[in-house]
Amino acid sequence: PKSLIVSLRKKNLFFLLSIFFYSEIIIAQGTSTQNSLLNTADSLFHSQQWRSAKEKYQQYLKDSVAKPMYWQRLGYCNHQLGLYKDAISNYEKAMGLNPNPQLKFTIEARMARSYARLGNEKEAMRWLEKASTSGYQDINEINRTKDFDLFKGSLLFNNLYKKIYTNAYPCS
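To keep things clear, this report deals only with the structure shown in the data block. (Residues numbered from 1 in each chain as written. Predicted model: local features only at pLDDT ≥ 70, side-chain atom pairs only at ≥ 80, totals over all residues. Heavy atoms only, no water.)

Considering the overall build of the protein chain
Convention followed: Helix and strand labels come from DSSP, where a helix needs a run of H or I of at least four residues and a strand needs a run of E of at least two; each type is numbered from the N terminus. Accessibility here uses a 1.4 Å probe with only protein chains present; expressed as a share of the type maximum, an area under 20% marks a residue as buried, one over 50% as exposed, and anything in between as partly exposed. The criterion used for residue contact is that any of the two residues' heavy atoms lie within 4.5 Å. Here the Shrake-Rupley method, with its probe set to 1.4 Å, supplies the accessible areas, and only the displayed protein chains count as covering residues.
Of regular secondary structure, the protein chain possesses eight helices and zero strands. The helix and strand sequence of the protein chain, counted from the amino end, reads α-α-α-α-α-α-α-α. Evaluated residue by residue, the protein chain yields a buried proportion of 36% over its 172 residues. The contacts of the protein chain with a sequence gap of at least 6 include a subset with a gap of at least 24, amounting to 54%. Accessible surface for the protein chain amounts to roughly 10,700 Å². Of this, 56% is attributable to carbon and sulfur atoms.

Details of the pattern of salt bridges
Test applied: Whenever a carboxyl oxygen of Asp or Glu lies within 4 Å of a side-chain nitrogen of Lys or Arg, that contact is scored as a salt bridge.
According to the stated counting rule, one finds eight salt bridges in the structure shown. Ionic pairing is found between Asp42 and Arg73, a salt bridge with its closest N-O pair at 2.7 Å. Residue Asp42 is found in helix α1 (residues 2-46), and its partner Arg73 is found in helix α3 (residues 68-80); the two are separated by 31 residues along the sequence. Overall, the relative accessible area of 14% leaves Asp42 in the buried class. The salt bridge partner of Asp147 is Arg117, with a shortest N-O separation of 2.4 Å. Of this pair, Asp147 sits in the loop between α7 (139-144) and α8 (155-168) while Arg117 sits in helix α5 (residues 101-117), and the two are 30 residues apart along the sequence. Accessibility expressed as a relative area gives 5% for Asp147, which makes it buried.

Observations concerning the environment of Ser36
With respect to the helices and strands, Ser36 occurs in helix α1. Residue Ser36 is classed as partly exposed on the basis of its relative accessible area, which comes to 43%. Ser36 sits 24 residues away from Tyr60 along the chain, and the two C-alpha atoms are 9.5 Å apart.

Quick look at the packing of aromatic side chains
Condition: Planes of paired rings set the category: under 30 degrees apart is stacked, over 60 is edge-to-face and the rest tilted, where pairs are Phe, Tyr or Trp rings (Trp by its six-membered ring) whose centres lie within 6.5 Å. For a lysine, the NZ atom is tested; for an arginine, the CZ atom; a charge sits over a ring if that atom is within 6 Å of the ring centre and within 35 degrees of the ring normal.
Considering all chains together, one arrives at 10 aromatic pairs under this definition. On the numbers, 5.4 Å between centres and 80° between planes, the contact of Phe45 with Trp50 is edge-to-face. The burial state of Phe45 is the same as that of Trp50; both residues are buried. On the basis of an interplanar angle of 25° and a centroid distance of 6.2 Å, the ring pair of Tyr57 and Tyr70 is categorised as stacked. Of the two residues, Tyr57 is situated in helix α2 (residues 50-62) and Tyr70 in helix α3; the sequence distance between them amounts to 13 residues. Tyr70 carries the same exposure label as Tyr57, and that label is buried. Put simply, the rings of Phe45, Trp50, Tyr57, Tyr60, Tyr70 and Tyr76 pair up and form one aromatic cluster. Geometry around Tyr76 places Arg110 over its ring, the cationic atom sitting 4.0 Å from the centre. The residue whose ring lies beneath Lys130 is Trp127, and the NZ or CZ to ring-centre distance is 4.3 Å.

Overview of α8
Convention followed: Here, expected helix span is obtained from the residue count minus one, scaled by 1.5 Å. In this description, the arc belongs to the directions extending from the helix axis to the C-beta atoms.
With 14 residues, α8 extends 20 Å between its outermost C-alpha atoms, agreeing within 8% with the 20 Å of an ideal straight helix rising 1.5 Å per residue. For α8, every residue scored as buried is listed here: Phe157, Leu160 and Ile164. Axial view of α8: buried residues confined to an arc of 65°, hence all on one face. Along α8, the residues that are exposed and aim more than 90 degrees away from the buried face are Leu155 and Lys162.

Thoughts on the environment of Leu83
You can see Leu83 is positioned in the loop between α3 and α4 (84-95). Note: C-alpha distance between Leu83 and Ser114 (31 residues apart in sequence) is 8.7 Å. Non-local contacts of Leu83, meaning those with residues more than four positions away in its chain, are made with Lys54 and Asn78.

Here is the structure:
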């Protein structure tokens, strides 16, 4: 009887260890698949293939721990595709995930750009104000983009532009 108990314990232990290692392999395979999906999405994003990148980010975000960077990138893909309301929704999701300060002001500036494209000056300037207060300093993006063309003559836009310029060039 004692040897039978020891034998059963060994079998149970072997069974439990088998389940543990098998589950670790499945988790690792899932992580590998997610990493591959993310790498593909990032490659497509950096090569400006917005529609394909969007699809990959959507697949990645559906089955993974949400990170604000990837919601922001999905939003940027939607912005580049002219889907400004979808972009805003993605940016809002990213903001709700407590992004780091640099990502935060980038998201705020992109929210402003999307609202500007929708012709919503109030929201565009509100988000641009938030971005500039958070430290946004990409004056080249402001100069290059056509997103704010409707508002470039306004006093509020010009004041925010000066604030962003000062963030970029504090000694000027």
